[in-house]
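Fold and geometry: a report
Below, each chain spelled out in residue letters.
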Amino acid sequence: MTHASLLRQITDYANRANPYPLYEELRKTPVLHEEEDGPYVISSYWDIESLLHDPRISSDQSNVTAAGEDELSGPEATGLPPSFIRLDPPEHDRLRRMANSSFGPPHRPRRIDSMRGELAEIVTGLIDDFADARQIDVVDRFAYPFPVTVICRLLGVPREDEPRFRALVDPIVAGLDPGSRTSAESMKTAQEARLQLGMYLNGLVEQRAKDPREDMLSDLVNSNGPDGAMTTMEVLSTAVLLLIAGHETTVNLITNGMLTLLRHPRYLQRLRDDPGLSVKIVEELLRYEPPVQLLPQRTCITDIEVRGVTIPKGSRIWLVLAAGNRDPERFHDPDRFDPDREDIQHLGFGSGIHSCFGAPLARLEAQLALAELVRRLDNPRLVEDPPPYRPNAVLRGPRHLNITFDGLR
Amino acid sequence: MVTDYLDWLRREGRIVIVGASLAGLRAAETLRAEGFAGSLTMIGDEPNEPYDRPPLSKAVLLGKADALHTELPRRREVDAKWRLGVPATGLDMTEKRVRLADGDQVEYDRLLIATGVRARPWPKESEAQLDGVILLRTGGDAAALYRRLKAGPRRVLVIGAGFAGSEVASACREMGLAVTVAERAGAPLVGALGGVIGSVSAELYRENGVDLRTGVMVTGLEGDSVGRVKAAHLSDGSAVETDLVVVSLGSVRNTEWLSGSGLGAGPRGIACDAGCRAFDFRGIVTDDIFVAGDVARSPHALFGYQFLSLEHWGNAVAQAEIAAHNMISSSSDRRPHLWVPAFWSSQFRVNIKSVGVPPMGEQIMITQGSLAERRFVGVYGYQGRVIAAVSFDNTRWLEFYQRQIEVGAPFPVEYPTVDRRPEGRRPVPADFPDPSLPTHGPTVTLSGYSPTDRQLVFVPAH
Ligand SMILES: Cc1cc2nc3c(=O)[nH]c(=O)nc-3n(C[C@H](O)[C@H](O)[C@H](O)COP(=O)(O)OP(=O)(O)OC[C@H]3O[C@@H](n4cnc5c(N)ncnc54)[C@H](O)[C@@H]3O)c2cc1C
């Protein structure tokens, strides 16, 4: 395998079902730089971890200079300002803090946990709907509708509008995939979709400004803490971010989870016997099959040295979280799915200031979803292995997961 | 054979741990995790199960946690004989025995000392005994303080603006109580973080409505006819009317019980090597006595081999794990305790964290954020290298600075960082008070040789 082709192989759809051997290859060159204006690819656990905490690394695309043609010039150019995921402090901190004040501690310490009952009801409802079936697609019938319903309720977006925003979310998500980015066409589509999604949300936002409810959109519009208020544009880009990130990743976490459990029946059985094991199972899944495989949007604002390689100022840096998660220097027997691991500080949610905003929600959703699926499905079996995957190399997961089962419990 | 002895020790040896709190418990758990199957005795003078102290000056005072229920979560079964509520009163190194206050003696093959520190009491004993004069170290102290705060004192006086004093003042304000803080140095936290950061802290105090008096000492406490505190007199001639005084003057190491034992124990703690083995008074390392936690002081390569005494939660855990491992390992398997000091605090809704040894810093640069916004990272430099960093509401970056400390990165910090503002372009003096003039207890003490130490008379042995 020649190095010159490694990144292409990783983004190549043909390898989507099992990229792990490629990641193993990748780790042999801790700082891989294949092409003149290509990214510097980082794949070992400790290097990724330290770069995620390195204040010389920027998430702000305007810092990409050496990378030449800026293919990331992104959706933001079309009118919606960048969301906090694409900003550095102090703007990042301010926006994230304001968004967080309606989501988590210290202001709303129990918001997520208090949704437990509601989430369980949604899960039960979805599963009850399979009653007559003996074969289902886990993605379409469960892993997708569940987090979508949840994020809609949390934000205050009408669930019925799902077909409308889905048509916009798909091209945006495709635009995050470095594999598809080569086409200017798809980038443009993504930009437009983002703007349209923002416009759709603007309708709701205006309505919430007049008539606030118990949802995050209302909180975002009416935020007025020590940081002041968000501008309307900031509210929109934050809402777009939360809407997309709130389900596009969880669907993969749940689907990868079910697939992995079906491949490891011992743990499936143990989870059925003890729903409490879902906590450990989900943590191990986040290591073993992380829904976000890599972060392709960092750059350095000065020359930095990583493992003796100088990465010049302005270069793009890819942090391959999924490769770091299986780094044998960090985890014992990393290719083994082992929920009994005690030491599991995975990179599944990233780390540092951009570490996943929705992590508490994603964890809870996946724990409930997997424990309940496994408890209710009688003798579930995979129809095909591997299942067909979604094209995206960044947000990786099965497009369909067809399973058969003997009935519902 | 040494290995035979170790095998025997691990199988059926007797290990005694004196000090049944954070370091003691974590050491016990590590011993069991590493396969120690012999007898384990935990001796503690407090009657309760091991509990956590950091919440005592934070959540507990706000009523968010129960003072008597901050038990430490157990990592595993330790299967020990617990001797709680009984202080150890002496050590016989030759006979390998610990003497207890109830007259018992406990024999050991390996001993771990983790007796920590206690709060430094108000020096004038009769005043210290006034009703309403309180220290804060134990769960009982915290329960008493909480009860009194709830009762709504007219004004609370905190003596000493170190971390503990600041946290108490912060809790008082959150409860809406009037509070005065008296500090001998020029600002709060200066002993731990220097004057530059101290002035940020002073602003925080004032903004939150604390009556902060700096550059003054409390010279006396005055009681009423029934022995309740009613006022405090300050060195600037002023007086503060108060019915509750919290004395936060730092700490005293719990080593008195070792006097005369021949161990290298004194007011600065118990000296040990990097492997947590205690020194005897002649400076010779022992092989069967180990120390961990607040009571230990050990040399650290990153900080000029100075002996560090750290009153840091994380240090107690890390050192206990190393000590426990080393107690049952042969010399080639032993590990050094080279933890990079790290400490956190929260006060006035600001999360403060430091790594490294700030009091060694000569200069400071604000490399991210700004002092004015009270969200920043400050980096301390010592002789051209990065020696420490502190963050206010910016914790997630500290890992990076910790690595800078570990690799001895150059100071001043020349490279740009995200969120570097104009004020962070140049270093300024960190502004620590003269180390020979102790303020309220800093949480890191450098206790290597200091030219200001003149108490010793050196008599070489022939
Ligand atoms: C109010 C408060 C807030 C704190 N907040 C923070 C914080 O925010 N962050 C942080 O990093 N650290 C904090 N600390 C410091 C942290 O709690 C200590 O570093 C840690 O408790 C040290 O653990 P240790 O086991 O070494 O000592 P200790 O916890 O002090 O335990 C020593 C034990 O030994 C017992 N003992 C003493 N002498 C004898 C004897 N002769 N015989 C038997 N037993 C004896 C003591 O009674 C005690 O139970 C705080 C401490 C306090 C008091």
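The structure presented is a predicted model; accordingly, all values stated were derived computationally and were not measured.

1. Regarding the UniProt feature "domain: Reductase C-terminal" (unreviewed entry) in chain B
- Here the UniProt feature "domain: Reductase C-terminal" (unreviewed entry) sits at residues 343–411 of chain B.
- End C-alpha to end C-alpha, residues 343–411 of chain B measures 22 Å, and it is 13% helix and 52% strand.

2. Brief notes about the pattern of salt bridges
- Counted under the stated rule, the structure contains 59 salt bridges over all chains.
- A salt bridge links Arg116 of chain A to Asp113 of chain A; the nearest nitrogen and oxygen atoms lie 3.3 Å apart.
- Asp273 of chain B is the partner of Arg277 of chain B in a salt bridge, and the nearest nitrogen-oxygen pair spans 2.9 Å. The pair formed by Arg277 of chain B and Asp273 of chain B is uniform in burial state, with each residue classed as buried.
- One salt-bridge network, in which partners are shared between bridges, spans Arg14, Glu95, Arg97, Glu107 and Asp109 of chain B.

3. A short note on the sheet that holds strand 29 (residues 428–429) of chain B
Residues and elements named next belong to chain B.
- The strand order across the open sheet formed by six strands is 24-25-28-27-26-29, and the pairing between neighbours is antiparallel. Among the strands making up the open sheet, the edge pair consists of strand 24 (342–347) and strand 29.
- Bridging between strand 24 and strand 25 (residues 350–356) involves six bridges; their strand directions are antiparallel. Bridged to Trp344 within strand 25 is Lys353.
- Helix 5 (residues 163–174) rests against strand 24 and strand 25 of the sheet, and its axis sits at about 25 degrees to strand 24.

4. A few points about the site of the ligand
Residues and elements named next belong to chain B.
- Around the ligand sit 30 residues, and of these Asp45, Glu46, Arg53, Lys58 and Asp294 come closest.
- Arg137 is positioned such that a nitrogen or oxygen atom in its side chain is 2.8 Å from an oxygen atom of the ligand.
- In this structure, His312 approaches the ligand through a main-chain N or O atom, which is 3.4 Å from an oxygen atom.
- Here the ligand, which alone exposes 990 Å², has 94% of that area covered by the protein.
- Residue assignment for the shell around the ligand shows that the elements contributing at least two residues are helix 2 (22–33), strand 2 (39–44), helix 7 (313–327) and strand 24.
- Across the shell around the ligand, the residue classes tally to 14 nonpolar, nine polar and seven charged.

5. What to know about empty space enclosed by the protein
- Summed over the entire model, instances satisfying the criterion amount to five cavities of 30 Å³ or more.
- Along its surface, the second largest cavity is lined by 15 residues, and Ile57, Arg298, Ile353 and His354 of chain A together with Trp397 of chain B are the ones closest to its centre.
- Elements with a contribution of two residues or more to the lining of the second largest cavity: helix 3 (45–52) and strand 3 (57–58) of chain A.
- Classifying every residue of the lining of the second largest cavity by side-chain character gives seven nonpolar, five polar and three charged.

6. Here we look at the nonpolar core
- Within the largest apolar cluster, 124 residues are counted, with the highest numbers of intra-cluster contacts made by Leu197 and Met258 of chain A.
- Looking at which element gives the most residues to this core, the answer is helix 16 (residues 359–376) of chain A, with eleven residues.
- When residues no more than four places from it in sequence are discounted, the contact partners of Met258 of chain A are Val138, Leu268, Leu370, Leu373, Val374, Leu377, Pro380 and Leu401 of chain A.
- Formed by 78 residues, the second largest nonpolar core is a distinct cluster that contains Ala192, Met360, Ile366 and Ala389 of chain B.

7. Examining the packing of aromatic side chains
- Enumeration over the complete set of coordinates arrives at 19 aromatic pairs over all chains.
- Here Tyr20 of chain A and Tyr23 of chain A contribute two aromatic rings whose centre-to-centre distance is 5.5 Å and whose plane-to-plane angle is 80 degrees, an arrangement assigned as edge-to-face. Pair noted here: Tyr20 of chain A and Tyr23 of chain A are both in helix 2 (residues 20–27), with a separation of three residues, about one helical turn. By the burial criterion, Tyr20 of chain A is buried, and Tyr23 of chain A matches it.
- Between Phe163 of chain B and Phe343 of chain B, the aromatic rings sit 4.5 Å apart at their centres with planes inclined by 40 degrees, giving tilted as the arrangement.

Conventions we followed
Residues numbered from 1 in each chain as written. Chains lettered and ligands numbered in written order. Predicted model: local features only at pLDDT ≥ 70, side-chain atom pairs only at ≥ 80, totals over all residues. Heavy atoms only, no water. UniProt positions renumbered as here; feature names shortened; annotations may be inferred. Helix = DSSP H or I, 4+ residues; strand = E, 2+ residues; numbered from the N terminus. Salt bridge = Lys/Arg side-chain N within 4 Å of Asp/Glu carboxyl O. Buried < 20%, exposed > 50% of the residue type's maximum accessible area, 1.4 Å probe, protein only. Pairing = 2+ DSSP bridges. Contact = heavy atoms within 4.5 Å. Axes fitted to C-alpha atoms, helices over the stretch in contact; angles between N-to-C directions. Near = heavy atom within 4 Å. Polar contact = N/O pair within 3.5 Å; in protein donor to acceptor, adjacent residues only side chain to side chain. Areas by Shrake-Rupley, 256 points an atom, 1.4 Å probe, with all protein chains shown as cover. Nonpolar A, V, L, I, M, F, W, Y, C, P; charged D, E, K, R; others polar. 1 Å grid on protein atoms, 1.4 Å probe; cavity = no way out; pocket = protein on both sides within 12 Å on 5 of 7 lines; lining within 4 Å. Points joined across faces, edges and corners; volume = space filled by probe spheres on them. Core = buried A, V, L, I, M, F, W, Y, C linked by side-chain atoms within 4.5 Å. Phe/Tyr/Trp six-rings, centres within 6.5 Å; stacked < 30°, edge-to-face > 60°.

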